[in-house]
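# Secondary and tertiary structure notes
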Amino acid sequence: MPVFICPNCKERSIDLDGREGFGTQAVQCRSCAFGFLFQLLEDYYPAPSTGMVVCDAESRVLAVGRGVFELTGFREGDLIGRDVAEALAISDPGPLALVREWGVRQLGKSAAITTRAGIPKDVVLDLFPAYDDDGGMLVALSPGR
Ligand SMILES: [Zn+2]
């Protein structure tokens, strides 16, 4: 059963009534009204400190959720339209390429990013492919262990 997650407030909703995926109308988070829900094939429970970034099929940032600023120092306007691996200076972009090319999720990948202040920071990445026709990817960043 498809699960939808809001990249902003991380509220999960299960598509019980078929409402989320119905028609071509843009879906909206019922909890925070964020204009974007990401469909997951399997359920996922992000940590409270996790921040999520939604990318298009070319890895360009489409949407930035709550918590990303706290982790990276980047605000939405700093990231939108940029290549996510480049913008955050992700040390190992390999898993991102895997998600895009093979449509498989990658969980618990350790990497380093560089914050807006230029400080290296360890993070854990959970990466999910988009299942709609447009492709794309959800990047969930959590503080490193
Ligand atoms: Zn929401």
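First, a word on scope: everything that follows refers to the structure included in this document. Please read these numbers as outputs of a predicted model, since none were measured by experiment.

### What about the sheet that holds strand S2 (residues 12–14)?
A sheet is described by the order of its strands in space; here 3 strands give the open sequence S2-S1-S3, paired in antiparallel fashion. The sheet terminates laterally at S2 and strand S3 (38–40), the two strands that pair on one side only. Each strand axis lies, on average, 30 degrees off the axis of its neighbour in the sheet, ignoring direction. Across 3 bridges, strand S1 (residues 3–5) lies against S3 in antiparallel orientation. Across the sheet, the residue bridging to Phe4 is Gln39, located in S3.

### Some thoughts on helix H4 (residues 94–102)
Within H4, burial applies to Pro95, Leu96 and Val99. Summarising the axial view, the buried residues of H4 lie within an arc of 105 degrees, below the 170-degree limit, and thus occupy one face. Turned more than 90 degrees away from the buried face of H4, the exposed residues are Glu101 and Trp102. Next to the buried residues of H4 lie helix H3 (84–87), strand S6 (106–114), strand S7 (120–129) and strand S8 (137–143).

### Re the coordination of the zinc ion
Surrounding the zinc ion are the protein donor atoms Cys6 (SG), Cys9 (SG), Cys29 (SG) and Cys32 (SG), which sit 2.2 to 2.3 Å from the metal. Taken together, the 4 donor atoms surrounding the zinc ion define angles of 105 to 114 degrees at the centre, an arrangement classified as tetrahedral. On the primary sequence, the residues serving as donors to the zinc ion are separated as C-x2-C-x19-C-x2-C. In this pair, Cys6 is assigned in the loop between S1 and S2 and Cys32 in the loop between S2 and S3, connecting sequence segments 26 residues apart. Look at Cys6 and you get buried, because its relative accessible area is 0%.

### Observations regarding the pairing of S8
The element S8 is extensively covered by neighbouring structure, given that 6 of its 7 residues are classed as buried. The pairing of strand S4 (residues 51–55) with S8 spans 5 bridges and is classified as antiparallel. The residue of S8 that forms the bridge with Val54 is Leu138. Pairing of S7 with S8, which is carried by 7 bridges, proceeds in the antiparallel orientation. Paired with Asp126 across the bridge in S8 is Ala140.

### Observations regarding a nonpolar patch on the surface
Residues Leu98, Trp102 and Val104 make up a contiguous nonpolar surface patch of about 310 Å² in total accessible area. Take Leu98: it is sitting in helix H4.

### Thoughts on the nonpolar core
The biggest cluster of nonpolar side chains holds 23 residues, and the ones touching the most others in it are Leu125 and Leu141. Mapped by element, the contributors of at least two residues to this core are S4, strand S5 (61–64), helix H1 (68–72), H3, H4, S6, S7 and S8. Those residues in contact with Leu141, other than ones at most four positions away along the chain, are Ser49, Thr50, Gly51, Val53, Leu71, Thr72, Leu88, Ile113, Val123, Val124 and Leu125. Ranked by size, the runner-up nonpolar core spans 18 residues in total, among them Phe4, Cys9, Cys29 and Phe38.

### Structural notes on the sheet that holds S8
Read from one edge of the open sheet, 5 strands run S5-S4-S8-S7-S6, paired in antiparallel fashion. In this open sheet, the two edge strands, each paired with only one partner strand, are S5 and S6. Between one strand axis and the next, the sheet turns through 30 degrees on average, direction left out of account. Pairing between S4 and S5: 3 bridges, direction antiparallel. Along S5, the bridge assignment pairs Val53 with Val64. Running over the sheet, H4 touches S6, S7 and S8 and is turned about 10 degrees from S7.

Criteria and thresholds
- Residues numbered from 1 in each chain as written.
- Predicted model: local features only at pLDDT ≥ 70, side-chain atom pairs only at ≥ 80, totals over all residues.
- Heavy atoms only, no water.
- Pairing = 2+ DSSP bridges.
- Helix = DSSP H or I, 4+ residues; strand = E, 2+ residues; numbered from the N terminus.
- Axes fitted to C-alpha atoms, helices over the stretch in contact; angles between N-to-C directions.
- Buried < 20%, exposed > 50% of the residue type's maximum accessible area, 1.4 Å probe, protein only.
- Arc of directions from axis to C-beta.
- Contact = heavy atoms within 4.5 Å.
- Donors = N, O, S within 2.8 Å, 3.2 Å for Na, K, Ca; no water.
- Tetrahedral: all angles 85-135°; square planar, octahedral: opposite > 155°, others 65-115°.
- Patch = residues over 30% accessible without salt bridge, like charges linked within 9 Å, V, L, I, M, F, W, Y side chains within 5 Å.
- Areas by Shrake-Rupley, 256 points an atom, 1.4 Å probe, with all protein chains shown as cover.
- Salt bridge = Lys/Arg side-chain N within 4 Å of Asp/Glu carboxyl O.
- Core = buried A, V, L, I, M, F, W, Y, C linked by side-chain atoms within 4.5 Å.

The quantities given are spatial measurements derived from coordinates; they are silent on function.
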